[in-house]
Amino acid sequence: MTYFTLSNESLYTFAICFAAIALVLFLLRIYTQIKARQTLSEELAQRDNFALGISYASYLLSLVLVIGYLLDDFSLAVMKQAPWKVPFLLLLMLLFIKVGQAIHRKWILSRFNEEKAILKQNVCAAMVDSGMLLGNSIVVIGLVNWSQTNSLYSLLVVSVSFLMLQCMFALDSKIREARFAKFNQGASLQNNFNLENTSIGIRYAGKSLGLALAIYAGLASATYHSGKMVENVFTLAVHCGLMWILVMAMSRVVLLIVLYRVNTGVEVDHQDNVGIAAVEFSVHCAMGYLLIQFFT
């Protein structure tokens, strides 16, 4: 009777995956130290920079998600036949994630310098930045899974689709800013990030992740049309747009139920109620995950 059912191929793939993760995380540590202008251990342990710790943790999770997806998607035989393909796709996906982060920092939240705020131990900034980083990682994985990115034309389709989805993130963020201004006497949400209101950052990150999960569900349910740019972009716009509406509506209904008679705007915006923000975070992520379960 055989009790050990793991194949040698599974063990080899796992070993390759772990080695790749270890190498990339080592490079990430060096990069983070350079950005912080001192050793990472000093910044985290001696200065107790909780914000940088959150940001660093989100980078770690993002890298593990991407590498894990790639090595799960390719068999050991494929890796032997085309050993360049996995490193190429890894670099490509990391590039897209970095571009998405740059779009978020320089365009979507152009009036708020997240990088400086994180080095100044602003936990709110770390939550906002981490939510978008992980959200972009989920979207990039969904795009690669949708198109398989096996030709230059499919890469072009993915690039255009990625920019279209960034516009969706931007529109969602602008709606949040408009709602915040409406209920807070015209105050700017981006300016409030500098006030280190942790609960606002938690809520923003939850909505970003919820939207990213909804977009992943839209990508998984959409059909990829080989060689047809317009059809692909239109299909994604319809599917991901519908999932965006659903995640917002479902989250709103669930929050009305679980936080009955609680003024979430006052609690989060003015009283920095982390508990209420954590409930909002979990609800948006849960609704996004529910869409993935139903539509993939």
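For the structure, check the block above.
All values derive from a computational prediction rather than experimental measurement. (Residues numbered from 1 in each chain as written. Predicted model: local features only at pLDDT ≥ 70, side-chain atom pairs only at ≥ 80, totals over all residues. Heavy atoms only, no water.)

> Talk me through empty space enclosed by the protein; I want residue IDs and the actual numbers.
Scanning the entire structure with this criterion turns up two cavities of 30 Å³ or more. Empty space within the second largest cavity amounts to approximately 30 Å³. If you go around the second largest cavity, the residues you meet are L92, M93, F96, V140, V144 and V158. Those elements that place two or more of their residues in the lining of the second largest cavity are α5 (85-108) and α7 (123-147). Sort the elements by how many residues they give to the lining of the second largest cavity and α5 lands first, with three residues. Residue classes in the lining of the second largest cavity are distributed as six nonpolar, no polar and no charged. (1 Å grid on protein atoms, 1.4 Å probe; cavity = no way out; pocket = protein on both sides within 12 Å on 5 of 7 lines; lining within 4 Å. Points joined across faces, edges and corners; volume = space filled by probe spheres on them. Helix = DSSP H or I, 4+ residues; strand = E, 2+ residues; numbered from the N terminus. Nonpolar A, V, L, I, M, F, W, Y, C, P; charged D, E, K, R; others polar.)

> Can you explain the layout of surface pockets? Please cite residues and give values.
Left-over empty space is what a probe sized like a water molecule reveals as it rolls over the atoms. Within this model, the largest pocket holds a volume of roughly 890 Å³. In terms of lining residues, the largest pocket is bounded by 34 residues, among which R179, K207, R252, T264 and E280 are the most central. Going through the elements one at a time, α8 (152-183), α10 (198-221), α11 (229-258), α12 (264-270) and α13 (274-295) are the ones with two or more residues in the lining of the largest pocket. For the lining of the largest pocket, the leading source of residues is α11, giving eight residues. Among the residues making up the lining of the largest pocket, the classes are represented as 17 nonpolar, eight polar and nine charged.

> Go over the side chain of E280, please, and point to the residues and values.
Examined against the element boundaries, E280 turns out to sit in helix α13. Although E280 is buried, it makes no salt bridge; R203 carries the closest opposite charge, 4.2 Å away. Residues in contact with E280, not counting those within four places in the same chain, are R203, K207, L255, T264 and V268. (Buried < 20%, exposed > 50% of the residue type's maximum accessible area, 1.4 Å probe, protein only. Lys, Arg positive; Asp, Glu negative; His and termini not counted. Salt bridge = Lys/Arg side-chain N within 4 Å of Asp/Glu carboxyl O. Contact = heavy atoms within 4.5 Å.)

> Tell me about the environment of Q101, and please be specific about residues and values.
Mapping Q101 onto the fold places it in helix α5. It is 9.5 Å that separates the C-alpha atoms of Q101 and S130, two residues lying 29 residues apart in sequence. Residue contacts for Q101: discarding those within four places in its chain leaves Y59, D129, L133 and N136.

Don't take any of this as a statement about function, it's just geometry.
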